[in-house]
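# Topology and contacts: notes
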Amino acid sequence: MIIIKTREEIELMRESALLVSKTLGMIAKEIKPGVTTLYLDKLAETFIRDHGAEPAFLGMYGFPNSLCMSPNTQVVHGIPNDIPLQEGDIISVDCGALKNGFYGDHAYTFEVGEVTLETKKLLQVTKESLYIGIRETRAGNRVEDIGNAIQNYCESHGYGVVRELCGHGLGRKMHEDPEVPNYGKRGRGKKLANGMVLAIEPMINMGTRNIKQHKDGWTITTADGKPSAHFEHDVAIVDGKPELLSTFAYIYDALGISSNEEDGLRSVPLVL
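Description of the structure in this document. What you are looking at is a predicted structure, and each value in this text was computed from that prediction instead of being measured.

Time to look at the packing of helix H3 (residues 117-134) against helix H4 (residues 143-155). At a minimum axis distance of 8 Å, the contact between H3 and H4 shows a crossing angle of 150°. Considered as vectors, H3 and H4 are oriented roughly antiparallel to each other. Here the hand of the crossing between H3 and H4 comes out right-handed. Here Val125, Glu128, Ser129, Ile132 and Gly133 of H3 come into contact with H4, specifically with Ile146, Ala149, Ile150, Tyr153 and Cys154. Here the residues of the contact of H3 with H4 are counted per class, giving seven nonpolar, two polar and one charged.

Turning to the environment of leucine 40, a few remarks are in order. Position of leucine 40 relative to the elements: it lies in helix H2 (residues 37-50). Overall, leucine 40 belongs to the buried group, its relative accessible area being 0%. Separated by 29 residues in sequence, leucine 40 and methionine 69 have C-alpha atoms that sit 9.1 Å apart. Sequence-distant contacts of leucine 40, defined by excluding residues within four places in its chain, comprise Ile27, Glu30, Ile31, Val35, Leu67, Met69 and Leu85.

Moving on: the sheet that holds strand S13 (residues 228-230). Taken in spatial order, the three strands of this open sheet run S6-S10-S13, and their pairing is antiparallel. Looking at strand neighbours, the two that pair on one side only are strand S6 (160-161) and S13, the edges of this open sheet. Two elements, strand S10 (residues 203-205) and S13, share three bridges in a ladder whose sense is antiparallel. Of the residues in S13, the one forming a bridge with methionine 203 is histidine 230. Across the sheet, H3 touches S10 and S13, and the angle it forms with S13 is around 35°.

Below, the discussion takes up the side chain of serine 228. Counting through the fold element by element, serine 228 comes out in strand S13. Residue serine 228 is classed as buried on the basis of its relative accessible area of 1%. Ignoring anything within four residues of it in the chain, the contact list for serine 228 reads Asn72, Gln74, Val75, Ile90, Leu122, Ile204, Asn205 and Thr222.

So, on to the packing of helix H1 (residues 7-28) against H2. Axis separation between H1 and H2 bottoms out at 10 Å; the angle between their running directions is 140°. Taken together, the axis directions place H1 and H2 in an arrangement best described as oblique. Crossing handedness for the pair H1 and H2: right-handed. Residues Leu19, Lys22, Thr23, Met26 and Ile27 of H1 touch H2, and the partners they reach there are Leu40, Leu43, Ala44, Phe47 and Ile48. Residue classes in the contact of H1 with H2 are distributed as eight nonpolar, one polar and one charged.

Reading the values: the criteria
Residues numbered from 1 in each chain as written. Predicted model: local features only at pLDDT ≥ 70, side-chain atom pairs only at ≥ 80, totals over all residues. Heavy atoms only, no water. Axes fitted to C-alpha atoms, helices over the stretch in contact; angles between N-to-C directions. Helix = DSSP H or I, 4+ residues; strand = E, 2+ residues; numbered from the N terminus. Parallel < 35°, antiparallel > 145°, perpendicular 65-115°, else oblique. Left-handed = near helix turned anticlockwise from the far one by under 90°. Contact = heavy atoms within 4.5 Å. Nonpolar A, V, L, I, M, F, W, Y, C, P; charged D, E, K, R; others polar. Buried < 20%, exposed > 50% of the residue type's maximum accessible area, 1.4 Å probe, protein only. Pairing = 2+ DSSP bridges.

None of the figures reported here should be taken as evidence of function without further support.
See the structure below:
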């Protein structure tokens, strides 16, 4: 069952989403060669608690940490550890927070030092596909319109679009209806309506779309050992249009990046 949110609930969800965004912005300053993902995980847990919220992933379905940290060939659900990051790595950081009874859920794939041009392109295309999908998130459209737009864009660059994992509705539960796949056919799936809040999250592989799950029950990697990228935003439908609740602006502020990619997707100004 799809749970429609009121304007007031959407504003509470914006607070949760922006706390996750700020957490990722804080993490962005710390990602460098020699740093461990377990260290970053502890920083995130402390930051979230210090801001009056709970780390959403910690203990959820038995997950042992506050961040999913997935380097290089890992697609999602990587468990933080004591292995230092290395120059040329990429690291997908997926973070969640529970505040005011609502969840925020948000992800970004970071470069560690200098990465190859081939890897940079994978990250760029995956992030671009996220915004292409977000712009399909309009009242009257269908869920698979989002996935179709993401799929066509990424496959046009020769990348594999993961099928087994998808985005989802978001609210008082981390995972609500509807599921939001990153592939599909236009005009298919549940109809989008005002008050829906979705976590849209392309998971795109440099090579094959096929994945494999490891014995720890969490870690998922590409089947061919090529890199994977993951970007995620929280999006509400307000007045028929997509309203971005999360932001990459705190990450960009930390990294000195200038971007206009979120223009037109936010009615409430950001304060950095």
